[in-house]
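# Chains, contacts and geometry: an overview
Each chain, letter by letter, is given below.
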Amino acid sequence: MASHTSRSLLSLGRISASGLGLQGPLSRVAYATNVSTRYSAGKTGFPDRAGGKFARRPRRAPGEPRTEKMPVDQDWTAVYPAAAPFRPGSVPLPVRMGYPVKRGVPPEKKGNLELIKIPNFLHLTPAAIKKHCEALKAFCTEWPSALDTDARCDEHFPIKAESTDYVSAGPSVRNPAARAVHLKVKLSSLNLDDHALKKMLKLVGERYCKDTDTLTITTDRCPLRQQNQDHAMYLLTVLYHESWKTEPWEAEKSAADMEEYSWEGSPSQRNLLDTLLRVEGGGEEAREQLLGRREVREYKDSVTRLKNEGESEGAVMRYKEAVKKVLHL
Amino acid sequence: MKRKNFFLFFFIVCPTLLKNMAAPMALRRDIFSLTRILGGISHSVPRALGACSGNKKCHLMRSHLPLASRTSFHTATVFSSQPSSITVTEEPDTLFQKVALLVKGHDKSVLDSYELFSTMAAKELGIAISKVCELPKDTERFTLLKSVHIFKNHRVQYEMRTHYRFIELSHLTGSTARVYLEYVQRNLPEGVAMEVTKTAMEKVPDHILKPMWEEESIDNKLSQ
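Residues numbered from 1 in each chain as written. Chains lettered and ligands numbered in written order. Predicted model: local features only at pLDDT ≥ 70, side-chain atom pairs only at ≥ 80, totals over all residues. Heavy atoms only, no water.

All right, on to the overall build of chain A then. The helix and strand tally for chain A stands at 12 helices and 4 strands. Counting the 329 residues in chain A, one finds 30% classified as buried. Here the analysis covers contacts within chain A between residues at least 6 apart in sequence; of these, 52% occur between residues at least 24 apart. Of the roughly 22100 Å² of accessible surface on chain A, 55% is carried by carbon and sulfur atoms. (Helix = DSSP H or I, 4+ residues; strand = E, 2+ residues; numbered from the N terminus. Buried < 20%, exposed > 50% of the residue type's maximum accessible area, 1.4 Å probe, protein only. Contact = heavy atoms within 4.5 Å. Areas by Shrake-Rupley, 256 points an atom, 1.4 Å probe, with all protein chains shown as cover.)

What follows is the structure in structure tokens.
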């Protein structure tokens, strides 16, 4: 009785999952389906070991694969119109894939799991891509011809907003990093005067890159990208308008707060003029006269360059020459 | 130039959609939920791509084709007999100076094929490709114990290799970018390749042209 029910169970298993192949007698309890013995009696039954009572119905022989009948000039886009797994009977190529056995060759394509596992691009042949793009061209728009170079783009559209989209397979399509927005502006393209520019640089701090004259504002504090874009634009607006304002406490700016070294009113100028006046004699009115001299101007340039750009061989040599000329050495 | 919208026959009703929307984002999102009725009413003659290079603000913008028909190979696709219509909308198109694709995968040959596909698609659609390069692969290795219990001296080592491809396109309009990205993302191979797209946009500053303190001082003077 156990064997009878198991036979029926196994027969149903074979009908429902034909790809799995024959199950051995050990897997009697594999299927938990309710089957009446009467139902399975007439179908393809499992041949009993004791006697050939249930002869297996002969299976229909598989026909020749489609590849034999494919013409050479067929429309391949009709064979593989969309992404589909590899079908050895539909692909008329003698492909071999897999690790060869000893003294052998890679296995053929018939029944080859490796070819089915790997993603194929049979649906994306050049002909198919051309067809797709022909249909898609109607929805594309042209780039304005006046903006052909990057320089022109920067001139008319100086603000750049960068954001990233992520596409990957996983339990969720969302990626929290996609909400970050980077806003990049060149400060030379904004309407800023001298004071506003200096104040803007002080407000912005590390977000400004001196080499490329680019201010980068990065926002990701809002949950949505549109909100972050608006926030970045808002920050830029606020920075701009704040930098044009002059607060009363800004008058207390001292020489230590200055961004660049300026020679006028510095101890270097005072010392030089005192030295020259003592050497040549003369009163206060000779100071302006001295400032107009070429050597004094050269000295001023060399000192400013040394302080602003740092010490280098050329700068130090220039300072030496300027000092020698000023002091007539 | 006006923006073009795409209405398909078999999408669900969106009763709140108006013909000329003020908010551009809402209009773009509602593309996918428009009715047959709206499709019939607001069908307009598709405009030819006229030259609009002088006017920087208005650009022709079209929405992308929902590619449900192309990739649903496992379902019986019921196509509509009504042809899809392109509608032009009064809305300036966004401009992308650079669109950078970074494709990641475990199999180099799959990435090779994908690169071929995406570069060919870009060429067919007339998109300028500035750079196509292969970044060096990343290998993540770790060592685990071979046995479930003890045998500390016998370990097994695994590694995961991630290969990269970098494709940079330049000078794309919003419509073109959306069309290309959707096409290329829908045909992304399964699992093996991932895509990270960096999109850089260009905008014109509007309320940052003049400091507002000037107008305030003028207003104060006038009021006095």
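Right, picking up where we left off after that structure.
Moving on, we get to the overall build of chain B. Looking only at helices and strands, chain B features 6 helices and 8 strands. Each helix and strand of chain B, ordered N terminal to C terminal, gives the series β-α-α-β-α-β-β-α-β-β-β-α-β-α. Looking at chain B residue by residue over its 224 residues, the buried ones come to 42%. Of all intrachain contacts in chain B linking residues separated by at least 6 positions in sequence, the fraction that spans at least 24 positions is 79%. For chain B, the exposed surface amounts to about 12900 Å²; the carbon and sulfur share of it is 58%.

Overall, the coordinates contain 20 salt bridges over all chains when judged by the stated rule. Here K131 of chain A ties to D75 of chain A by a salt bridge, and the two come within 3.4 Å at their closest N and O atoms. On the criterion of sequence distance, the pair formed by K131 of chain A in helix α5 (residues 126–136) and D75 of chain A in the loop between α2 (37–41) and α3 (76–79) is long-range, its members being 56 residues apart. Of the charged contacts, one joins D112 of chain B and R165 of chain B as a salt bridge, the two residues approaching to 2.6 Å between their closest N and O atoms. Of this pair, D112 of chain B sits in helix α4 (residues 108–124) while R165 of chain B is found in strand β7 (residues 155–173), placing the two residues 53 residues apart along the sequence. (Salt bridge = Lys/Arg side-chain N within 4 Å of Asp/Glu carboxyl O.)

Let us look at the packing of α5 of chain A against α4 of chain B. Packing of α5 of chain A against α4 of chain B brings their axes to within 9 Å, and their N-to-C directions diverge by 40 degrees. By the angle between their directions, the pair α5 of chain A and α4 of chain B is classed as oblique. In this structure, α5 of chain A meets α4 of chain B at a crossing whose hand is right-handed. Seen from α5 of chain A, the contacting residues are P126, I129, K130 and C133 of chain A; seen from α4 of chain B, they are F117, M120, A121 and E124 of chain B. (Axes fitted to C-alpha atoms, helices over the stretch in contact; angles between N-to-C directions. Parallel < 35°, antiparallel > 145°, perpendicular 65-115°, else oblique. Left-handed = near helix turned anticlockwise from the far one by under 90°.)

Another aspect to go through is the packing of aromatic side chains. Counting across every chain of the model gives 5 aromatic pairs over all chains. Ring geometry for Y299 of chain A versus Y319 of chain A: centroids 5.8 Å apart, planes at 35 degrees, classification tilted. Of this pair, Y299 of chain A sits in helix α11 (residues 294–309) while Y319 of chain A sits in helix α12 (residues 313–326), placing them 20 residues apart in sequence. Residue classification places Y319 of chain A among the partly exposed residues on the basis of a relative accessible area of 29%. With a centroid separation of 5.7 Å and 55 degrees between ring planes, the pair formed by Y114 of chain B and F117 of chain B is classed as tilted. Placement of the pair is Y114 of chain B and F117 of chain B together in helix α4, with a separation of 3 residues, close to one helical turn. Under the relative-accessibility criterion, Y114 of chain B is labelled buried at 1%. One Lys or Arg, R87 of chain A, reaches over the ring of Y80 of chain A and ends 4.7 Å from the middle of that ring. (Phe/Tyr/Trp six-rings, centres within 6.5 Å; stacked < 30°, edge-to-face > 60°. Lys NZ or Arg CZ within 6 Å of the ring centre and 35° of its normal.)

L101, L169, Y180 and Y183 of chain B are the most contacted members of the largest nonpolar core, which totals 31 residues. For this core, the elements supplying multiple residues, two or more each, are α5 of chain A together with β4 (95–105), α4, β7 and α5 (174–186) of chain B. Top element by residues in this core is α4 of chain B. It accounts for 7 residues. Beyond its immediate chain neighbours, meaning those up to four positions away, L169 of chain B contacts Q97, K98, V99, L101, A122, I127, A128, I129, S130 and Y180 of chain B. If you look at the next biggest cluster of nonpolar residues, it comprises 18 residues, including L187, L236 and L239 of chain A together with I208 of chain B. (Core = buried A, V, L, I, M, F, W, Y, C linked by side-chain atoms within 4.5 Å.)

In this section: the environment of F157 of chain A. Residue placement: F157 of chain A occurs in the loop between α6 (150–156) and β1 (159–167). Separated by 28 residues in sequence, F157 of chain A and V185 of chain A have C-alpha atoms that sit 9.5 Å apart.

All right, on to unusual backbone geometry then. The phi dihedral of D213 of chain A falls on the positive side, at around 55 degrees, and the residue is not glycine. Position of D213 of chain A among the secondary structure elements: in the loop between β3 (208–209) and β4 (214–219). Not every positive phi belongs to a glycine, and I150 of chain B is a case in point at roughly 50 degrees. Residue placement: I150 of chain B occurs in the loop between β6 (138–145) and β7.

This part is about α4 of chain B. Residue and element names in this part refer to chain B. Along its 17 residues, α4 runs 24 Å from first to last C-alpha, staying within 8% of the 24 Å computed at 1.5 Å per residue. Buried within α4 are the following residues: V110, L111, Y114, F117, S118, T119, M120, A121 and A122. Once α4 finishes, G126 follows within two positions and takes phi at roughly 75 degrees, a positive value. (Expected span 1.5 Å × (residues − 1).)

Residues and elements named next belong to chain B. Per-residue confidence for chain B averages 69 on the pLDDT scale, and 52% of its residues sit at or above 70. Confidence, read as mean pLDDT per element, is least for helix α2 (residues 36–41) in chain B (36) and greatest for β6 (96). Here residues 5–82 is modelled with pLDDT under 50, and outside its nearest four sequence neighbours on either side it reaches 156 contacts, counting other chains as well. For this predicted complex, the interface score ipTM comes out at 0.72, alongside a pTM of 0.69. (pLDDT = per-residue confidence, 0-100.)

All right, on to the packing of helix α7 (residues 194–204) of chain A against helix α8 (residues 225–244) of chain A then. All names here are of chain A. For the pair α7 and α8, interaxial distance at closest approach is 8 Å and the crossing angle is 130 degrees. Taken together, the axes of α7 and α8 lie oblique to each other. Two packed elements cross with a definite hand, and for α7 against α8 that hand is right-handed. Mapping the contact onto sequence places H195, A196, K199, M200, L203 and V204 in α7 and L239, Y240, E242, S243 and W244 in α8. Its residues placed into classes, the contact of α7 with α8 shows 7 nonpolar, 2 polar and 2 charged. (Nonpolar A, V, L, I, M, F, W, Y, C, P; charged D, E, K, R; others polar.)

Our next topic: the environment of L239 of chain A. Residues and elements named next belong to chain A. Its location among the elements puts L239 in helix α8. Spatially, the C-alpha atoms of L239 and M200 are 6.7 Å apart, while their sequence positions differ by 39 residues. If we skip the residues at most four places from it in the chain, L239 touches M200, L203, V204 and I217.

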